[in-house]
Amino acid sequence: MGTCNSVDASTRSDRQWSHHGPVRGGNESKRRVLQSMARVGSRIFKPESISTSTLKEHKASTYDHVHELVNDGIASCHDGSSKDISGKVGLMNLGNTCFMNSSLQCLSNTEPLTDYFLGYDYRGEINHDNVLGTKGALVRCYAELTKHLWLGDSKSYSPHEFKSSIGRFAPQFEGYEQQDAQELLAFLLDGIHEDLNRVIIKPYIEDKDCDGTNDEGDAIIAWSNYLARNKSIIVDLFQGQLRNTMTCRNRKTKKADGTHGCGHKNVKFDPFMYLSLPISDRCNTLDDCLSLFCEEETLEGENQWYCSKCKTHVDATKKIDLWMLPPILIIHLKRFKFSVTGHRSKIDQEVRYPLSDWNLSTKKKSEGGVFPLYDLYAISQHRGTVTGGHYTAHAKNRFDGEWYDFNDSQCRKVDKEKEKLGFGSSAYCLFYNRVDHHRDDKQKRTTAIHRQSTSRPELWPHFQRDKVTQWKSTRVDLVWGEARETKTD
C-alpha cells in the first residue's frame, strides 16, 4: 500500500535497520515491566435482599464493577496525576507502521475494552483449545501494550513486541510495508475474540431460512444460535445484527401488481463487527453513506440468485438493513478501491460526520434494543495517496474529555474546531460510543455493557428496552420463553 510519510520513520537517527526491520538498542531491550493493577472476575457480591446485609455471590451481568476499579486504579498508579499522561502516550513508528499505531490508539481509547484488559481477569477467559486463536499470545501482548499506554510514565512507547506477535499469526503484517489500518483492526478484533471465546466446544447449528413473517422472533433465535458458538468481550462490545433480505424477481413470473417474481423471500440475520460503508459523489454526510449501504441492489446476469421455489438462478433484489446495534459502533469508510485492471486508488470525497448525538433510530429496523444515540470518541485518519500516505488518529480522553492528535510517537491536545473534526476527506474509521439520556437531569452516560450468554436472554440487546413484557409481538414472547429454557452455559 505504498510507504508511510512519517516523521518517526524518516528522522530517528538512533535506530538501526536490517532487512528484518528495526534492531533495538541495548537500553530498549531492557523493557520496563509494569505491574498490573488488581483484577476482578465475573463474580461479584451483592446483598442477599433489601432487608439484610448478608452478601451473596452473583455472576455479574455488566462490566460496571470493572470500570470503577480501573478509574480508581489508574489514579493510584500515578499518585493522583492520572490526567497528566494516561492515554496520552504516543507509539513509535517501527517503519511504515503508522497504520497499526492509528488503529491501536483508537482501540486504546475504547473505554470498556481498556477497562477489560486493565482490570478484568482476562487470563481466566483465554481459550487455549480454540484452533482459530493464538492460545492467548495475542491478547497477552495487547494487554501489555494497554498497560504501557495507561499505566506507564513515558510519553511514547515502542510496540515492537506487539508487532512481532501479530506478525507471527498474520503474515501480511510481518514485514515493514505500509498496510491498511482497517484490515489490521479487523484481524486484531477477530483474534482477540477467538483467544477469549468463552465457548469451548462449538455445537453444529444449521442456518434457518426465514421468510420475513416474524423478523423479531427470527432475529432473536439467530442471536441465540450465534451465542451458542461465540461469546467474548468483543461480542459484548462491538457486535450487532444485520437483516439481509433476498427477494425473487424472476422475469418469467409476473404478479398481479405488474412486478416480476414468484414471491419467495429469504431473510437472514447476520452478526457484524463493523460497518463498511461505500462512498459515492453524492455522499456528503455519513448518513448518505449509510443510506447507500442500505440501498436495495438488483442482482442479475452473472450475479443471479438461486431461488429455492423457482429451482433455478433468477434475477433478485438484495436489501441490507440495520437490525440491532452494538454499544461500540465502528464505521469503516471504503475510501480505497480497485479498478477492473487491479489498480488501487483512493476516494477523497469530503464527508460530514457527527461528533455527538448521532441518532440512528430511523435506520434501525427492529422494535427491540435501546435508543441508538451515539457520540464519536476516536477517528483513524489517512492523508495522502495510496502510494505515499500517512495514518494518524484523533481520540477523546476519558479523564479530561479533550481531543488529542496521535501522530506516531507524538501526542498533542487539539481544538476540535480548529482541527475541523467532523468534516473532511481523511476520516477512514470512525469509533462511536452509544450513550443514554437521563430524562430527569438531561445528562448522558455510557450504555451498560451486558455480558452475552445463552442462559440469560434478558441481557440480549433485543430485550434491552422499556416495558419489554408489553412488547406487541406475541411470537417474540414465545421466543423469550423458549430462550429462557435454554441453559447451556
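Caption draft 1: Highlighting the overall build of the protein chain. If you tally the helices and strands in the protein chain, you get 13 helices and 25 strands. The buried share of the protein chain, reckoned over its 489 residues, is 53%. Of all intrachain contacts in the protein chain linking residues separated by at least 6 positions in sequence, the fraction that spans at least 24 positions is 72%. Surface exposure of the protein chain reaches about 23600 Å², of which carbon and sulfur atoms provide 47%.

Caption draft 2: A look at the pairing of strand β19 (residues 373-383). Of all eleven residues in β19, ten are buried, a share of seventy percent or more. Two elements, strand β18 (residues 358-359) and β19, share two bridges in a ladder whose sense is antiparallel. Paired with Trp358 across the bridge in β19 is Tyr374. Relative to strand β20 (residues 390-396), β19 is paired through six bridges, and the arrangement is antiparallel. Bridge pairing links Arg383 to His390 in β20.

Caption draft 3: Broad picture of the packing of aromatic side chains. Applying the stated criterion across every chain, the model contains 17 aromatic pairs. When the ring of Trp223 is compared with that of Tyr226, the centres are 5.9 Å apart and the planes differ by 35°; the resulting orientation is tilted. One end of the pair is Trp223 and the other is Tyr226, both in helix α10 (residues 215-227) and three residues apart, which spans about a single turn. Looking at Trp223, the relative accessible area reads 2%, which means it is buried.

Caption draft 4: Molecular detail of the pairing of strand β21 (residues 403-407). Along β21, four of the five residues are buried, which leaves the element largely enclosed by surrounding structure. Of the pairings in the sheet, the one linking β20 to β21 comprises four bridges and is antiparallel in character. By the bridge assignment, Ala395 is partnered in β21 with Tyr404. Between the end of β20 and the start of β21, which pair antiparallel, lie six residues, with Gly401 showing a positive phi angle near 70°. Where β21 meets strand β22 (residues 410-414), five bridges bridge the pair, whose relative direction is antiparallel. Bridge assignment links Asp405 to a residue of β22, and that residue is Arg412.

Caption draft 5: Layout of the packing of helix α7 (residues 137-150) against helix α8 (residues 160-169). Direction vectors running N to C along α7 and α8 enclose 160°, while the axes themselves pass 9 Å from each other. In terms of axis orientation, α7 runs roughly antiparallel to α8. Both α7 and α8 take part in a crossing whose hand is left-handed. Across from Ala137, Leu138, Cys141, Tyr142 and Leu145 in α7, the residues of α8 making contact are Glu161, Phe162, Ser165, Ile166 and Phe169. A per-class count over the contact of α7 with α8 returns eight nonpolar, one polar and one charged.

Caption draft 6: Spatial organisation of empty space enclosed by the protein. Throughout the structure, instances matching the rule amount to one cavity of 30 Å³ or more. Reported here for the largest cavity is a volume of approximately 40 Å³. In this structure, the largest cavity is lined by Cys98, Asn101, Ser102, Gln105, Tyr391, Thr392, Ala393, Phe406 and Asp408. Secondary structure elements with two or more residues in the lining of the largest cavity: α5 (98-108) and β20. The dominant element in the lining of the largest cavity, judged by the number of residues it contributes, is α5, at four residues. A class-by-class count of the residues in the lining of the largest cavity yields four nonpolar, four polar and one charged.

Caption draft 7: Geometry of the side chain of Gln241. Inspection of the secondary structure assignment puts Gln241 in strand β7 (residues 240-248). Of note is the side chain of Gln241, whose polar atom sits 3.0 Å from the backbone oxygen of Ala219. Those residues within four positions of Gln241 in sequence are excluded, and the remaining contacts are Ala219, Ala222, Trp223, Phe269, Asp270, Pro271, Phe272, Leu322, Trp323, Met324 and His462.

Caption draft 8: Quick peek at the environment of Ala219. Counting through the fold element by element, Ala219 comes out in helix α10. Judged by relative accessible area, Ala219 falls into the buried class, the value being 0%. Sequence-wise, Ala219 and His462 are 243 residues apart; in three dimensions their C-alpha atoms are separated by 8.5 Å. Residues within four places of Ala219 in sequence aside, it is in contact with Gln241, Phe269, Trp323 and His462.

Caption draft 9: View of the packing of α7 against helix α9 (residues 181-195). Interhelical geometry of α7 versus α9 gives an angle of 115° and a closest axis separation of 8 Å. Comparing the axis directions of α7 and α9 gives the class roughly perpendicular. In terms of crossing hand, the pair formed by α7 and α9 is left-handed. Residue-level contacts link Ala137, Leu138, Val139 and Tyr142 of α7 to Leu188, Gly191, Ile192 and Asp195 of α9.

What counts, and at which threshold
Residues numbered from 1 in each chain as written. Predicted model: local features only at pLDDT ≥ 70, side-chain atom pairs only at ≥ 80, totals over all residues. Heavy atoms only, no water. Helix = DSSP H or I, 4+ residues; strand = E, 2+ residues; numbered from the N terminus. Buried < 20%, exposed > 50% of the residue type's maximum accessible area, 1.4 Å probe, protein only. Contact = heavy atoms within 4.5 Å. Areas by Shrake-Rupley, 256 points an atom, 1.4 Å probe, with all protein chains shown as cover. Pairing = 2+ DSSP bridges. Phe/Tyr/Trp six-rings, centres within 6.5 Å; stacked < 30°, edge-to-face > 60°. Axes fitted to C-alpha atoms, helices over the stretch in contact; angles between N-to-C directions. Parallel < 35°, antiparallel > 145°, perpendicular 65-115°, else oblique. Left-handed = near helix turned anticlockwise from the far one by under 90°. Nonpolar A, V, L, I, M, F, W, Y, C, P; charged D, E, K, R; others polar. 1 Å grid on protein atoms, 1.4 Å probe; cavity = no way out; pocket = protein on both sides within 12 Å on 5 of 7 lines; lining within 4 Å. Points joined across faces, edges and corners; volume = space filled by probe spheres on them. Polar contact = N/O pair within 3.5 Å; in protein donor to acceptor, adjacent residues only side chain to side chain.

Function cannot be read off these values alone, since they describe shape.
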